[in-house]
Amino acid sequence: MNVLSCSINTLNGLYDLSGVEVGQHFYWKIGGFQVHGQVLITSWVVIAILLGSATLAVRNPQTIPTGGQNFFEYVLEFIRDVSKTQIGEEYGPWVPFIGTMFLFIFVSNWSGALLPWKIIQLPHGELAAPTNDINTTVALALLTSVAYFYAGLNKKGLGYFGKYIQPTPILLPINILEDFTKPLSLSFRLFGNILADELVVVVLVSLVPSVVPIPVMFLGLFTSGIQALIFATLAAAYIGESMEGHH
Amino acid sequence: MANMIMASSKTLITSPPTPKSNPQPPPQPSLSLPAIPTTKPLFSLSITPKTLATAAAVAASIAATPLPSLAEEFEKAQLFDFDLTLPIIAAEFLFLMFTLDKLYYSPLGNFMDKRDAEIKEKLSSVKDTSTEVKALEEQAAAIMRAARAEISAALNKMKKETAAEVDAKLAEGRKKVEAELQEALASLEKQKEETIKSLDSQIAALSQEIVNKVLPVK
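These notes cover the structure that comes with them. (Residues numbered from 1 in each chain as written. Chains lettered and ligands numbered in written order. Predicted model: local features only at pLDDT ≥ 70, side-chain atom pairs only at ≥ 80, totals over all residues. Heavy atoms only, no water.)

**Details of the overall build of chain A**
Counting its secondary structure elements, chain A contains seven helices and two strands. Element order for chain A, N to C, with α for helix and β for strand: α-β-β-α-α-α-α-α-α. Burial statistics for chain A: of 247 residues in total, 49% are counted as buried. The contacts in chain A between residues at least 6 apart in sequence include a share of 66% that link residues at least 24 apart. Total accessible area computed for chain A in this model is approximately 11800 Å², and 71% of it derives from carbon and sulfur atoms. (Helix = DSSP H or I, 4+ residues; strand = E, 2+ residues; numbered from the N terminus. Buried < 20%, exposed > 50% of the residue type's maximum accessible area, 1.4 Å probe, protein only. Contact = heavy atoms within 4.5 Å. Areas by Shrake-Rupley, 256 points an atom, 1.4 Å probe, with all protein chains shown as cover.)

Pasting the structure below:
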């Protein structure tokens with residue numbers, strides 16, 4: 001018993017060092033509602049990074065691109081490619097949505113892994129990737145749902161709802177269920193991956209403070225990028241699916 | 001450690017608004033109703049050295065008590081805590097989408113499309129000039145061929161002319177030489193005949209003389 005408590009003491013010390021705070025929020029109050037301040041702060045930083053870099057790089061486009069412009073052209077080509085593959089020829093209007101989805105999630109994830117948020121002490125909770133919070137991922141997933149409903153209704157009018165009894169009316173419940181599972185899986189996949197990644201890194205750091213966590217951190221960077229790509233690709237796929245015709 | 005991890009993973013599963021039945025209040029003084037969300041969480045993992053002793057007591061009680069009570073300890077840590085953050089993030093996303101569209105996607109996309117079109121146009125125009133160049137090259141080759149033919153024709157003509165001239169001169173010279181030869185031969189013949197004739201007369205005289213000398217009959 002004594003030994004156990006001692007070890008737990010030292011572990012507490014380590015936790016103090018690494019500061020695991022899961023599900024702790026830095027609450028703000030806005031008009032009687034609560035918001036998670038840490039999520040909003042980091043999301044503002046992410047938005048500022050995106051807008052700032054895009055403005056700097058695209059301010060004065062050159063015919064022969066250099067440096068930043070080259071990179072942003074590559075990113076835009078990549079986004080267009082993803083949208084085109086998933087949506088088809090009418091991908092044009094959806095590039096901003098898919099692109100922002102990808103860039104916001106990607107920069108959020110990487111900011112959680114690369115920016116030293118933990119240096120800034122909050123009275124409560126801690127700064128981390130915005131995608132570390134279920135509110136963010138659910139917001140993005142719901143926007144995706146709205147987007148694909150809008151895409152379908154815009155393209156086919158009320159005939160869009162005909163897809164619920166395709167290929168046979170027996171599948172109606174499953175087709176309706178799909179509309180709920182899509183945002184659910186989208187949001188929980190992203191949330192779970194990012195949270196788990198940060199937790200793994202923090203726990204490893206608390207166990208072995210040097211060298212060993214580094215591969216896991218790199219793995220975290222990799223999964224973060226993959227998650228952003230998956231989210232954007234799936235969003236595009238859902239939009240494309242609701243736009244394609246069932247004849 | 002295992003306990004701690006179990007405990008923190010427990011928070012993932014617990015639903016926030018479970019009622020609290022807490023018989024023995026461990027060190028945390030701010031243990032209050034769960035309905036008030038602004039209260040400090042029950043379990044803050046950043047523990048100062050001062051509270052280490054109390055933490056030890058907590059740890060002891062944690063180790064002693066079964067897991068469900070642990071879950072209660074961590075209850076305030078809310079992972080699935082939906083609030084106004086969600087619509088705010090959605091609004092921020094929409095704002096970011098429109099702003100990035102104005103700043104990035106549309107301008108750079110249009111720019112790239114325009115450049116692509118320009119490059120394609122230039123490429124096709126370059127292809128056109130290449131046919132032009134081919135035609136010009138052919139023309140040049142034709143001119144060269146014509147010039148070569150002309151030159152060779154002129155050369156041939158000249159060769160023929162000079163050959164004819166040379167032949168004519170040669171024939172003339174040969175004729176002259178033949179004529180001279182003929183003349184010389186003719187004169188030689190004449191001389192020969194003359195000498196033969198003169199020799200004949202001399203022979204007659206000599207033979208007469210020989211006869212006269214041999215036959216002195218008279």
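Having seen the model, we can carry on.
**Describing the pairing of strand β1 (residues 27–30) of chain A**
Within a regular strand, the side chains alternate between the two sheet faces. Residue and element names in this part refer to chain A. Alignment of β1 against strand β2 (residues 33–36), held across four bridges, turns out to be antiparallel. If you follow Lys29 over to β2, its bridge partner there is Gln34. Between β1 and the antiparallel strand that follows it, β2, lie two residues; Gly31 among them carries a positive phi value of about 55°. (Pairing = 2+ DSSP bridges.)

**Focus on the environment of A:Ser206**
Looking at the secondary structure, you find A:Ser206 in helix α6 (residues 172–207). Here A:Val203 takes part through its backbone oxygen, which lies 2.6 Å from a polar atom of the side chain of A:Ser206. (Polar contact = N/O pair within 3.5 Å; in protein donor to acceptor, adjacent residues only side chain to side chain.)

**Comments concerning the pattern of salt bridges**
Where charged atoms from two side chains of opposite charge approach closely, those side chains can pair. Summed over the entire model, instances satisfying the criterion amount to four salt bridges over all chains. In this structure, B:Arg115 and A:Glu73 form a salt bridge, with 2.7 Å as the shortest nitrogen-oxygen distance. A residue pair is termed interchain when its members come from two chains, as with B:Arg115 in helix α4 (residues 85–214) and A:Glu73 in helix α3 (residues 67–87). Both residues of the pair, B:Arg115 and A:Glu73, belong to the buried class. Across the pair A:Arg80 and B:Asp113 runs a salt bridge whose closest N-O atoms are separated by 3.2 Å. (Salt bridge = Lys/Arg side-chain N within 4 Å of Asp/Glu carboxyl O.)

**Brief notes about the nonpolar core**
In globular proteins that are soluble, nonpolar side chains generally tend to be buried together. Residues A:Trp94, A:Phe97, A:Ile98, A:Leu103, A:Ile239 and B:Tyr104 are the most contacted members of the largest nonpolar core, which totals 63 residues. Taken together, the elements giving at least two residues each to this core come down to α2 (37–58), α3, α4 (95–114), α5 (134–156), α6 and α7 (213–243) of chain A together with α4 of chain B. With sequence-adjacent residues up to four places away left out, A:Ile239 is seen in contact with A:Ile87, A:Trp94, A:Phe97, A:Ile98, A:Ala147, A:Tyr148 and A:Ala151. (Core = buried A, V, L, I, M, F, W, Y, C linked by side-chain atoms within 4.5 Å.)

**Quick notes on the packing of α3(A) against α4(B)**
In the contact formed by α3(A) and α4(B), the axes pass within 11 Å of each other and the chain directions differ by 90°. In terms of orientation, α3(A) lies roughly perpendicular with respect to α4(B). Contacts from A:Gln69, A:Phe72, A:Glu73, A:Val75, A:Leu76, A:Glu77, A:Ile79 and A:Arg80 of α3(A) reach α4(B) at B:Tyr104, B:Tyr105, B:Leu108, B:Gly109, B:Phe111, B:Met112, B:Asp113 and B:Arg115. Residue composition of the contact of α3(A) with α4(B), grouped by class: nine nonpolar, two polar and five charged. (Axes fitted to C-alpha atoms, helices over the stretch in contact; angles between N-to-C directions. Parallel < 35°, antiparallel > 145°, perpendicular 65-115°, else oblique. Nonpolar A, V, L, I, M, F, W, Y, C, P; charged D, E, K, R; others polar.)

**Section: α3(A)**
In this model α3(A) runs 30 Å from its N-terminal to its C-terminal C-alpha over 21 residues, within 8% of the 30 Å that 1.5 Å per residue would give. Buried residues in α3(A) make contact with α2, α4 and α7 of chain A together with α4 of chain B. Trailing α3(A) by a residue or two, A:Gly88 shows a phi angle of about 105°, which is positive. (Expected span 1.5 Å × (residues − 1).)

**Here's the deal with the packing of α3(A) against α7(A)**
Residue and element names in this part refer to chain A. At a minimum axis separation of 7 Å, α3 and α7 run at an interaxial angle of 40°. Put simply, α3 runs oblique to α7. Considering only the axes of α3 and α7, their crossing is right-handed. Across the interface between the two elements, Phe78, Val82, Gln86 and Ile87 of α3 pack against Leu229, Thr233, Ala236, Ala237, Ile239, Gly240 and Met243 of α7. Here the residues of the contact of α3 with α7 sort into eight nonpolar, three polar and no charged. (Left-handed = near helix turned anticlockwise from the far one by under 90°.)

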